[in-house]
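Per-entry structural report
This is what each chain is made of:
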Amino acid sequence: MNLPTPDGMSRRHFMRHLATAAATIPTMQFISHVQANAADLKKRQKACILMWMSGGPPTIDIWDLKPGSKNGGDFKPIATKGDLQISEHMPKTAMVMDNLSVIRAMSTREADHNRGRYYMHTAYVPNPTVVHPSFGSVVSYEVGAKRSALEIPAYISIGGGGTSPGFLGMAHSPFLVDSTGRINNADMGNVTADRLGQRLSMLSLVEDNFIKSNRGEYGQAHKDIYGKAVNLMTSAQMEAFQVEKESPETLAMYSGEPAQGRGMMMGGGNNFGRSLLMARRLVEAGVPFVEVDFGGWDLHQNVFQTLRDQRLPALDAGIAGLITDLKQRGMYDDVTLVWMGEFGRTPRINQDIGRDHWAASWSVAIGGGGLRGGVAVGETDKDGTSIASSQSYLPGDVWATVAHAMGIPLDTVHTSKRGRPMKIANGGTAIKELIG
Amino acid sequence: MRLCEAVCEDRLSAADAERLEHLLVEHREWRALYLGYLDLHGTLHWDQGGSVAPPPMVVSDSNPLLDQVPPTPSSVATTSHRVPWRKQLISTVMAVAAIVVVMVGIRLIPWSAAPSPIATSPDSVAVTPPSTDVADEPVVKNVPEVRRPVRLDGPVVAETNKPLAAVPTSPILPPEPDRPVVADAERARWSTVELINHELRTSWELSDIQPSPRADDGEWLRRVWLDLAGFIPPVDVVQDFLADRNADKRTVMIDRLLDQPSYADNLATIWSRMLIGRRPGPQVDRMAFNEYLRDSFEGNRGWDQVVAELVSAEGLNSERGETNFLIAHLNNEAVPATAITARVLLGQQIQCTQCHNHPFSDTRQAAFWEFNSFFQQTSAVQMTDRPAMQRGGESIVPVRLENRPIGGPIYYETLTGLMRAAFPRYDGTEIAPDSDVNRRRELARLLTTGERPQIAVSFVNRVWQHLLGRAFTAIPDDIGPHNPPSHPRLLNELSERFVAGGYNVRQLIRDICLSEPYQLTSRFGEGNALDNPEVGEVPLFSRVYVKPMTAEQIHDSLLTATRPGESIQLGDLDHSQRRTRWVDRFIVSFDTEENDEASTFDGTITQALTLMNGPFMEELLEPRAGTLLSDVLREPGSDVDRLRRLSLAALARPPRPEELQAMRKVVRTSAPRTAREPGQERGYQDVFWALLNSNEFSLVH
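The present account deals with the structure reproduced in this document.

As a further point, take the overall build of chain B. Helix and strand content of chain B: 33 helices and 13 strands. The buried share of chain B, reckoned over its 701 residues, is 59%. Considering only intrachain contacts with a sequence separation of at least 6, the fraction spanning at least 24 residues in chain B is 71%.

Now the structure itself:
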């Protein structure tokens, strides 16, 4: 706990100053609470890493190939260590595929980027009268709020645009960082701990007076967010964002490129591997939900070349690196991985050698967290245009499976501001082939 | 989907029902689809029910909305069914057996196919409640019908293509012979301020609500500056206003603010954000657009004229600022132009009907494309022979907005895969689809014609929201039967007066600012705890609702507090560019066909970090010459005077005793005994920092 904060001040040192400045401020109470529960950190903690393929990935070219079909495209399937085949351009992942499963019978009907993003994140179809929370916000609410030792936000989104916490409130909105892990304005510059303590106690006095003046929820919400921001500024856990502290060998494991000297970041613009490594560090620090955004999948044209040369090498190295690293650290049974985008892409190849939006039959990958690996759940027909298995799956089923893996009861119900009950994961069912 | 729609519209034949049942039993995904469909539909109905449900304390006899509804069979039925209906909804959502869902769903249908008469009948609410001072006036039956446009009065005919802009309709109510009514002639003599006061007082009485007390002068002054000028009042204005003993000082201040250039700057900033967003593409000359808006508000040009120009603009983006609205949204076959014109200018969400009929309002898929058809001739032509324009570091592509002589319909695909043609048609009026008819000019004419065009209702609703913190409708973007106004008669009358007065924007704002509700404090009072729209109650405007400052308001208010002498005019290039750059970092653009963007500024940790530690704040707290801090430090007065001045500058109020005590302690402990100045300076900086970071500062209250 005595690690230096970004400006070189130790947390204990800072807290001592705060304590002398004002014993009344809630951030202070929060922090002392933290120390009392620091032992929690040692416990194995459940988490989820969502790999978000922004733009809609062509899962027919990655997880569910159709050799021999007119829709099959350029790629061939290869055998894996699991009980399923995947794309030949995913060779590293194939070697760890016994740890990862593919739900091949997703059928989700929202084929617009915005609506698909909303639906896949929340398990609810967009609705004009209520904003549903993303599952990351649900985890923040259900799990993060109980982790008193956690000083940084419980839902962190790396490189993405953010999703709404809906009726769960701003305290559960994702904290956005880019893949460098740099957080703007998180250090106090020239301001000493004395002065920050002085400022915060003065601030607290004014804020409490305003809250007492009874004008609705905004005053308290503002104070809560400031409390979180101060926590973050002074937390040693901020070090989790500093990917560059990892060894070159670990970096290489995620990037698929040879190890280089420390400080040399991954070449080829492979931010995905770097972001995944940061996610692993954050999960280690106790963050229960991390979303990693990997874009560039809206491949209306030139799909095969782009996949082969750009997307898949980075994806392959990132997934394989993450699984290997988590297993080596003994974390894989506690961390659930989900890989998905807004939707899949049309089995039919268009005139620009591209694939368009397609939600009727596509794949989501899922693994870790004690779930069964190496299996394909459900299947599509020989051309990939419809679900051939008896069962198809909705995003609620995926999130219900994650909830199961993380130990969140599936009968959890949240209530919208209007008093309407909403079941977690929209009442989805944990997928029995994965949890059995 | 077709069957689902049939279910919701109560035209499911026996054979269809059988087929639906079969499909649902057979296919899980269709079951889910069906559930989702009924769920959406149920939610809409739930919230509609909720929004007219009486607050718990007035269930019996005094709800303003319920009580005025004559007991027609349908309204009684709806009311008495509400509770069991909700139970049914829950069971609907949870039911696993599709067959049960079908049964329940079918039983729900009659209540959903037509909007509830409670929520949407302007006629019924127009009957003035008995407890007003003019209750003895004779009944003036049917007069309202003469004053209202015809389209309000018709019964719902579910199968016809209702026009896009149709105002909420309802089944015809039987005549009401015995209800006392304020004569319209009497109401017509009232000033608009009197009208607002009367309507709100009446609704408070009926809801048994006591309005909050009048806001004190500091609170009121701060709010009116933020609302009209877009930033907090400078410290000297605060001091003068608090010292002013004139009874009419609020009126004088409103008129002063309406004449200040910052009034037009502020409205231009607000409308620019709504019309083209904060981060438009390189083809949009944002500065020229802002100038156009500013000039329009400055000259108080009629809002109908502005709307007409936005819709029918032609010319070069840098020369004709108004062209930039459509240039920003012509991508994707002008779908964004269609949706955003309807949403922002008409207050109607129609983008969903792009793909299918709206099941519960009368907006049909055809209406979207008929509206879209007005933009069919429009084209944004890039002028390759002209060099890009440099606008403060941004490179603007020269683009000319033109009309092409294109005739005929446009074609769209229905859910069943049929191709259909849509001819330009708005609000029941179809124009000739010929190539020599300028469709956008025709649209401009149609939008601005009538006693109460939708553009007026939408504008009044938005201005009301801007000033009082809530609109009459829960979602100002979406006025319709599923989203009924809290005070329908007032909204309608304000809109009609706005139109009759030549769409006089300044007058509208002045009237609302002078009205009783605007004078109230934002605190809850003794008797209005239930007036809380934050949890979904119908707003009664018995207090002013708190709203967070926008990023622009925070930026300009921080400047005003710390450097009262500095220019913060939109026309000042240096200032507006700096502000744009500062705000821009909080904006996330979604790369979608709807041109959506989001702000990460609204109450996030990112915002808190920026305001606590960001370079902007650090710079503002430097006591350079000309800043408030440097003035305060050089003043001869006591530390109490100095601290009082900082508090007035940031919060428009003097410090409370316990605050003053804490502030003095900060200042004293920060003063090293040897070199006095720098230490003391730090103390004042810390106090100012705390004030500027407080919730009280960053909220409009």
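The next thing to look at is the nonpolar core. Counting 225 residues, the largest nonpolar core has Trp63 and Leu315 of chain A together with Trp303 and Phe688 of chain B as the members making the most contacts within it. For this core, the element with the highest residue contribution is helix H10 (residues 303-328) of chain A, accounting for 11 residues. Not counting the four nearest positions on each side in its chain, Leu315 of chain A is found in contact with Met53, Ile62, Met90, Phe272, Phe294, Trp297 and Trp339 of chain A.

Moving on to the pairing of strand S6 (residues 410-413) of chain B. Residue and element names in this part refer to chain B. The side-chain alternation of S6 yields one buried face, formed by Ile410 and Tyr412, and one unburied face, formed by Tyr411 and Glu413. Where S6 meets strand S7 (residues 419-422), 4 bridges bridge the pair, whose relative direction is antiparallel. When the sheet's bridge partners are listed, Tyr412 is paired in S7 with Arg420.

Another aspect to go through is H10 of chain A. Residue and element names in this part refer to chain A. Its 26 residues give H10 an end-to-end C-alpha distance of 35 Å, which sits within 8% of 38 Å, the value for a rise of 1.5 Å per residue. Remark: the principal bend of H10, roughly 45°, maps to Arg311, with a proline, Pro313, within the next four residues. Looking one or two residues beyond H10, the residue adopting positive phi is Gly330, at roughly 70°.

Our next topic: the sheet that holds strand S6 (residues 175-177) of chain A. The strands that make up a sheet pair up through hydrogen bonds in the backbone, lying either parallel or antiparallel. Residues and elements named next belong to chain A. Ordered by their spatial adjacency, 8 strands build an open sheet running S6-S5-S7-S1-S8-S11-S4-S12, and the pairing between neighbours is mixed. Each of the sheet's edge strands pairs with one partner strand only, and the pair in question is S6 and strand S12 (376-377). As paired elements, strand S4 (residues 100-106) and S12 share 2 bridges and run parallel to each other. Following the sheet pairing, Val102 is matched in S12 by Ala376.

Residue and element names in this part refer to chain B. Reading across the sheet, the 3 strands line up as S1-S5-S2 and stay open at both edges, with antiparallel pairing between neighbours. A single partner strand is all that each edge strand has here, and the edge strands are strand S1 (315-316) and strand S2 (378-382). Relative to strand S5 (residues 399-403), S2 runs antiparallel, the two sharing 5 bridges. Across the sheet, residue Val381 finds its bridge partner in S5, namely Arg400.

A few words now on unusual backbone geometry. The backbone of Asn214 of chain A shows a phi angle near 65°, a positive value even though the residue is not glycine. Tracing the chain through its elements places Asn214 of chain A in the loop between helix H6 (193-212) and helix H7 (218-233). The phi angle at Asp427 of chain B is positive, at roughly 55°, despite the residue not being glycine. In this fold, Asp427 of chain B is placed in the loop between strand S8 (425-426) and strand S9 (429-430).

Parameters and conventions
- Residues numbered from 1 in each chain as written.
- Chains lettered and ligands numbered in written order.
- Predicted model: local features only at pLDDT ≥ 70, side-chain atom pairs only at ≥ 80, totals over all residues.
- Heavy atoms only, no water.
- Helix = DSSP H or I, 4+ residues; strand = E, 2+ residues; numbered from the N terminus.
- Buried < 20%, exposed > 50% of the residue type's maximum accessible area, 1.4 Å probe, protein only.
- Contact = heavy atoms within 4.5 Å.
- Core = buried A, V, L, I, M, F, W, Y, C linked by side-chain atoms within 4.5 Å.
- Pairing = 2+ DSSP bridges.
- Expected span 1.5 Å × (residues − 1).
- Bend = angle between axes of the 7 residues up to and from the residue.

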